[in-house]
Amino acid sequence: MTSIIKVTPLSGVQDEKPPCYMLQVDEFRFLLDCGWTEDFSMDVVDNVKNHLHQIDAVLLSHPDHLHLGALPYLVGKCSLDCPIYATIPVYKMGQMFMYDLYQSRHNSEEFDIFTLDDVDSAFDKIIQVKYSQSLNLKGKGHGLTITALPAGHMVGGTIWRIVKDEEEIVYAVDYNHKKERHLNGCVLESISRPSLLITDALNAHYVQAKRRLRDEQLMNIILNTMRKDGNVLIAVDTAGRVVELSLLLDQLWRNQESGLHAYSLALLNNVSFNVVEFAKSQVEWMSDKVMKAFEDKQNNPFHFKHLKLCHSLKELSKVPEPKTVLASVPDLECGYSRQLFIQWSSNPKNSIVLTSRTSPGTLARRLIDDDDHKKFKLRVSKRVKLEGKELEEHRQAEKEKEKERKAAEAKKRLESESSESSEDEMEVDEAGRLKPQHDIMVGSEISKKGTNFFKHAKKSFAMYPFHEKRIQWDEYGEIINPEDYKMAETNITEEETGRAEETAEDTDEITEDDVDVPTKCIASEAEVDLKSSLTYIDFEGRSDGESMKKLILQVKPRQLVIVRGSAIATQKLAEYYRLQLSGTRVFTPMVGEIVDATLESHIYQVKLKDSLVSSLEFQKAKDIELTWIDGQLDLQSGQRSLMMEEEDELEMETEDATAPGLELKKKRSDDRIATLDAVDTTIEETGHSQVFINPPRFQDVKQMMTRNGIIAEFTGGVLVCNGNVAVRRHESGRLCLEGTLCADYFRVKDLLYEQYAII
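The model shown is predicted, which means the values in this text are computed figures rather than measured ones.

Novice: I'd love a proper account of the pairing of strand E9 (residues 158-164), names of residues and values included.
Specialist: A regular strand carries its side chains on alternate faces of the sheet. By the criterion of burial, E9 is predominantly enclosed, with five of the seven residues buried. Where E9 and strand E10 (residues 167-172) come together, five bridges link them in antiparallel fashion. By the bridge assignment for E10, Val163 is matched with Glu168. In sequence, E9 turns back onto E10 through a hairpin of two residues, with Asp165 there showing a positive phi of about 55°.

What follows is the structure in structure tokens.
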């Protein structure tokens, strides 16, 4: 059965912006990646927020911010709540990417777009999958199967295959067909004739140098620089391509003939230790060569002997010079790579190596594209500790906030206690009046008439009112107040603080140990005089243009959607495929343009009224049931789908929310579904000619007749039954019955009718 397939690009078409696409398969909608630009442009996520209410699942292909950078914001600030699917390495390495990105931004500016808690909340929703593991979706996605296939490029990189009935959809971006040191190539060539292929044109015009030449070029730069007592800065990502480069450089350092053994090698980012530890535990996701070395020699290639792991510039300063440093991030917009670039670029002995073409507009991309980059100004920002008057004002403000918080908690606690005391629990006297809630003996109570069977005390002493606190319970037991169990904090005197500051090192750099110390960001402009050598060497790990063309021609998709790439590259690649792939529909959409990739035409969705459904009579045909419907289509008052009704309720609940990103965009496409109602028989007559469905094969008819005791033989293409009834096939494909009106004629007719689903 044909499905309705539509693709809506939200970002990453006709340009090099991050990929983000909405894929609709019948009523189920996937969000394919949710990347974000290096400058966190809100234009990208605004398009996603407009469709946020429609997303049923998210598929992530790679762990870098260009493929999942907007995920913490969408989950933490926009309340995205749906299953998110990714491979185990994408889950682990993606978390390291976002941790490092947040910390790099936080160290240089007041960054509040998302927090580390938002990162944790987003990755807690991820459902981890393995390669070639088929997942059958449930509920609204019943009948859909998703499978993750190796894509190369980064560890855990994924080509997603989505299957429903006979429709196969493949989403393959940023793949690499070549084997590398730590990764095998993609398996795109193993896929044949999918219904729809979504792929990119980023490297359509790019000619890639051979791996051996690139490795030699990097080694020569490192050797020549270090022999002149210079340092080498290699700008890399956090947890993706850095794995390949770390493995390459550590192997070069191990080789005694390379001449690098006397120099230092370091990896500098905020999560370097975790990245290497995760790489050690993900050997089964890597190349056959890495697996063989691990199994045969019990040697994990990621037990680096020469690569020193650093988490701050302070730790890096302890590494002896000259040294080669792998520092994040590759775009030089923030992080340690930007700080080292500013420090080292003015020394002609040093060398700077860029390993990837980042997004247009970033510092690294400007340096790659522009040859005249000797002198320019850069914004330099860093985080420093608060001192003097600013520190006192900050502490005073924190005390005021703490007082307000405690007052609000006390008020809330009192309100909850008072609301739980109900009138039913209060004692009522015989006259219906409420008894006083205290233990003082009042005269009216003492002078009550009654039997004097029991002796009374001669004198009763009044007591002060005492209110016994009621114990509150919930399903987990007694409700406790955390403040009652909080240990008293030790107060540090000003003298002790002064002594601690005197013994501390005189540095403005904020490390992880100073997390609780109040800080601020200061910015200034610095003029960079670029005297060091600057080289771009391609270590992106993507297939080049020629390889992409050969792979797609081998796959031969029935429909092709080309995304992410410059407008010129996209159009030229589309023209090439239209010439080479006869019969293939090629789409080059714009942002927001809906691509209808449904193979069959004139297929629409309608909603049947209950009164109409109850009157239907279904006939079984093979594995399905069919029926004929006489109805009238109501396009004007079409009912909203259940999904749309739930969205309206969600809008009503969140319309008063003031947190950024919580508002839902009301501007949306018309998602009404036409309603099909029963025909009014008083106005229009109903009825139709019989339709015979599921015609049997001629050979099957002969076998069926034989099983029912009828002698059937083929004579000149005609099936003769019992010598007096003939069954022949008409040119139109229909079966014709000829013979005298006898018992055999009507018996053969009834048996033929049983082979059809007649509606």
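From this point on, the discussion continues.
Novice: How would you summarise the sheet that holds strand E28 (residues 631-634) if you had to cite specific residues and measurements?
Specialist: In any sheet, the strands associate via hydrogen bonds between backbone groups, in a parallel or an antiparallel arrangement. Across the sheet, which stays open at both edges, the three strands sit in the order E25-E29-E28 with mixed pairing between neighbours. Edge positions in the sheet fall to strand E25 (606-608) and E28, since each of these pairs with one other strand and no more. Ignoring which end each strand starts from, the neighbouring axes of this sheet average 35° apart. Sheet analysis places E25 next to strand E29 (residues 674-678), joined by three bridges and oriented parallel. Its bridge partner lying in E29, Leu608 is registered against Leu676.

Novice: Describe in detail the pattern of salt bridges, supporting the description with residues and values.
Specialist: The final tally for this structure, using the stated rule, is 26 salt bridges. Salt-bridge contacts for Asp677 lead to Lys609; the nearest nitrogen and oxygen are separated by 3.5 Å. Of this pair, Asp677 sits in strand E29 while Lys609 sits in the loop between E25 and helix H18 (610-613), placing them 68 residues apart in sequence. Lys609 sits in the partly exposed class, given a relative accessible area of 33%. Overlapping salt bridges bring together Asp174, Arg357, Glu540, Arg542 and Arg564 as one network.

Novice: Run through unusual backbone geometry, naming residues and quoting values.
Specialist: In this structure, Pro322 follows Glu321 across a cis peptide bond, with omega equal to -5°. Phi is positive for Asp33, close to 65°, though the residue is something other than glycine. In this fold, Asp33 is placed in the loop between strand E3 (28-32) and helix H1 (42-50). By relative accessible area, Asp33 is classed as buried at 0%.

Novice: Can you tell me about empty space enclosed by the protein, naming the residues and giving the values?
Specialist: Which parts of space are left empty comes out when a probe the size of a water molecule is rolled across the atoms. A complete count under the given rule lists four cavities of 30 Å³ or more for this structure. Each pocket or cavity is described by its volume, and for the largest cavity that value is around 420 Å³. Lining the largest cavity are 30 residues, with Asp64, Leu66, Pro330, Ser356 and Thr358 sitting closest to its centre. Sorting the residues of the lining of the largest cavity by element identifies helix H2 (65-68) and helix H4 (88-106) as the ones contributing at least two each. Looking at the lining of the largest cavity, the element that brings in the most residues is H4, giving three residues. Residue classes in the lining of the largest cavity are distributed as ten nonpolar, eight polar and twelve charged.

Novice: Please give an account of the side chain of Arg542 that cites residues and values.
Specialist: For Arg542, the location among the structural elements is in the loop between strand E21 (533-536) and helix H16 (545-555). Its relative accessible area of 9% is what places Arg542 among the buried residues. Within the structure, the side chain of Arg542 is placed 3.0 Å from the side chain of Glu540, a separation counted as a polar contact. Ignoring anything within four residues of it in the chain, the contact list for Arg542 reads His153, Asp174, Tyr175, Asn176, Leu202, Asn203, Gln208 and Arg564.

Novice: Just give me the short version of the sheet that holds strand E31 (residues 712-715), but keep the residues and values in it.
Specialist: One open sheet holds the four strands; their spatial order is E31-E32-E33-E34, and the pairing between them is antiparallel. Single-partner strands in this sheet number two, and they are E31 and strand E34 (735-739). In this sheet, neighbouring strand axes are inclined to one another by 25° on average, regardless of whether the strands run parallel or antiparallel. Alignment of strand E33 (residues 725-729) against E34, held across five bridges, turns out to be antiparallel. Looking at the pairing, Val725 lines up with Gly739 of E34. Against the sheet, helix H20 (residues 698-707) touches E31, strand E32 (718-721), E33 and E34, its axis set at about 145° to E31. In the packing of helix H21 (residues 743-754) onto the sheet, the strands contacted are E32, E33 and E34, and the crossing angle to E34 comes to about 170°.

Novice: Mind laying out the environment of Val563, listing which residues take part and the relevant values?
Specialist: Tracing the backbone through its elements, the reader meets Val563 in strand E22 (residues 559-563). The spatial distance from the C-alpha of Val563 to the C-alpha of Val13 is 4.7 Å, given a sequence separation of 550 residues. Setting aside anything within four residues of it in sequence, one finds Val563 in contact with Gly12, Val13, Tyr21, Val173, Ile198, Thr199, Asp200 and Ala201.

Novice: Account for helix H17 (residues 567-580), naming residues and giving values.
Specialist: Taking 1.5 Å as the rise per residue, H17 with 14 residues should run 20 Å; its terminal C-alpha atoms sit 20 Å apart, in good agreement. Turning to H17, its buried residues number three or more, namely Ala569, Thr570, Leu573, Ala574 and Tyr577. Along the axis of H17, the buried residues cluster in a sector spanning 130°; they form a single face. Away from the buried face of H17 by more than 90 degrees, exposed residues Ile568, Lys572 and Leu579 are located. Contacts made by the buried residues of H17 are with strand E11 (196-200), H16, E22 and strand E23 (585-587).

The rules behind these values
- Residues numbered from 1 in each chain as written.
- Predicted model: local features only at pLDDT ≥ 70, side-chain atom pairs only at ≥ 80, totals over all residues.
- Heavy atoms only, no water.
- Buried < 20%, exposed > 50% of the residue type's maximum accessible area, 1.4 Å probe, protein only.
- Helix = DSSP H or I, 4+ residues; strand = E, 2+ residues; numbered from the N terminus.
- Pairing = 2+ DSSP bridges.
- Axes fitted to C-alpha atoms, helices over the stretch in contact; angles between N-to-C directions.
- Salt bridge = Lys/Arg side-chain N within 4 Å of Asp/Glu carboxyl O.
- 1 Å grid on protein atoms, 1.4 Å probe; cavity = no way out; pocket = protein on both sides within 12 Å on 5 of 7 lines; lining within 4 Å.
- Points joined across faces, edges and corners; volume = space filled by probe spheres on them.
- Nonpolar A, V, L, I, M, F, W, Y, C, P; charged D, E, K, R; others polar.
- Polar contact = N/O pair within 3.5 Å; in protein donor to acceptor, adjacent residues only side chain to side chain.
- Contact = heavy atoms within 4.5 Å.
- Expected span 1.5 Å × (residues − 1).
- Arc of directions from axis to C-beta.

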